[in-house]
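Residue-level structural notes
Okay, here's what each chain looks like letter by letter:
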Amino acid sequence: MPGSEQHTASHRPSGRPAPETNDEQALDVRTRRTRARLREAVLRLASEGPVEDVSVADLVRAARINRTTFYKHAGSPAAVLEQVLYADLDRVRADWLADAVTAELPVREIWERASGALVDHLERHDALYTAGLVGRRSAVLHHLLVDHFTASVHALLDRNPGLLPEGEGPAAWRANAHSRFVAHGEAGLVEAWLALPAPRDRRLFISVAASALPSWLAVRPHQD
């Protein structure tokens, strides 16, 4: 009854969240199960061909859910794939930024560690990246990586603004331009490495990634 619900709420300690009801707990379980099904389905379908070729109908059929449920979680199969890959790539970024900001390791070693973690990610999803990036079949996947790399360099510059090279134009524009320049180069390296015949030598990727660093990134950040 509405009255009894209001009475209960008025006696609840201020600021303490209400305990989850059985209905809320069941909803949370269903949500996690749906997300897991979507994750498995989009990774499998995007490993068979570019995600652009995966329709909503394909994905809901593979995930064993209906369209209404799907649109509560994402607007497109590409959006689902982005959520899945970014969850992994964001962990790679967090570890790299932690190393870069503390600056306890030589700069080249920091980049080699980060590049190794990126290769781990690429190898975990080898079929997906091969299907999408070899032959440039998936613009969505390419731009997903570029956006991730751009945001990563931006995050480093936010934490260490002294790294940004001097030059013409406002600092915000230069940060964006330099971040995008590095990001497109990193994405190009990913595509070049994926184009090698399997099994690919991960040492090649790591070596080139460290050697191709712009000079302004190949220095130790200033510590306050």
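Structural data are supplied above this passage.
Presented here is an overview of the structure given in this document. (Residues numbered from 1 in each chain as written. Predicted model: local features only at pLDDT ≥ 70, side-chain atom pairs only at ≥ 80, totals over all residues. Heavy atoms only, no water.)

As a further point, take the overall build of the protein. A count of helical and extended segments in the protein gives 10 helices and 0 strands. Here the protein holds 224 residues, and the buried ones make up 39% of them. For the protein, the share of sequence-separated contacts (at least 6 apart) that also reach a separation of at least 24 residues comes to 67%. (Helix = DSSP H or I, 4+ residues; strand = E, 2+ residues; numbered from the N terminus. Buried < 20%, exposed > 50% of the residue type's maximum accessible area, 1.4 Å probe, protein only. Contact = heavy atoms within 4.5 Å.)

The linkage connecting A198 with the following residue, P199, adopts the cis geometry, with an omega of 0°. Among the structural elements, P199 can be located in the loop between α9 (171-194) and α10 (202-211). Even without a glycine there, the phi angle at R64 is positive, about 60°. Looking at where R64 falls in the secondary structure, it is placed in the loop between α3 (56-63) and α4 (67-71). Of the residues examined, R64 reaches a relative accessible area of 56% and is grouped as exposed. Despite not being glycine, A103 shows a phi value in the positive range, around 55°.

A few words on the side chain of S138. Among the structural elements, S138 can be located in the loop between α7 (126-133) and α8 (139-159). Classification of S138 as buried rests on a relative accessible area of 3%. Only 2.9 Å separates the side chain of S138 from the side chain of E52, close enough to count as a polar contact. Polar side-chain contacts of S138 include one of 3.1 Å to the backbone nitrogen of L141. The residues touching S138, leaving out its near neighbours within four places in the chain, are P50, V51, E52, G132 and L133. (Polar contact = N/O pair within 3.5 Å; in protein donor to acceptor, adjacent residues only side chain to side chain.)

Locating R174 in the fold gives a position in helix α9. Buried charge without a salt bridge: R174, with E166 as the nearest opposite-charge side chain at an N-O distance of 4.6 Å. The contacts of R174, once residues within four sequence positions are left out, are L164, P165, E166, G167, E168 and G169. (Lys, Arg positive; Asp, Glu negative; His and termini not counted. Salt bridge = Lys/Arg side-chain N within 4 Å of Asp/Glu carboxyl O.)

This next bit is on the nonpolar core. Grouped burial of nonpolar side chains is what soluble globular proteins tend to show. Counting 42 residues, the largest nonpolar core has L59, F70, L81, Y129, V190 and F205 as its most contacted members. Residue assignment for this core shows that the elements contributing at least two residues are α2 (22-48), α3, α5 (77-102), α6 (107-124), α7, α8, α9 and α10. In this view, Y129 contacts L85, L89, H121, L122, V134, L141, L145 and L194; residues no more than four positions away in its chain are not counted. (Core = buried A, V, L, I, M, F, W, Y, C linked by side-chain atoms within 4.5 Å.)

This paragraph deals with the packing of α5 against α6. In the contact formed by α5 and α6, the axes pass within 9 Å of each other and the chain directions differ by 170°. Taken together, α5 and α6 sit at an angle that is classed as roughly antiparallel. Side by side, α5 and α6 meet where L85, D88, L89, V92, W96, D99 and A100 of the first sit next to I110, W111, R113, A114, A117, L118, H121 and R124 of the second. (Axes fitted to C-alpha atoms, helices over the stretch in contact; angles between N-to-C directions. Parallel < 35°, antiparallel > 145°, perpendicular 65-115°, else oblique.)

Examined against the element boundaries, L164 turns out to sit in the loop between α8 and α9. Residue classification places L164 among the buried positions, given a relative accessible area of 14%. Taking the C-alpha atoms as reference points, L164 and L217, separated by 53 residues in sequence, lie 8.6 Å from one another.

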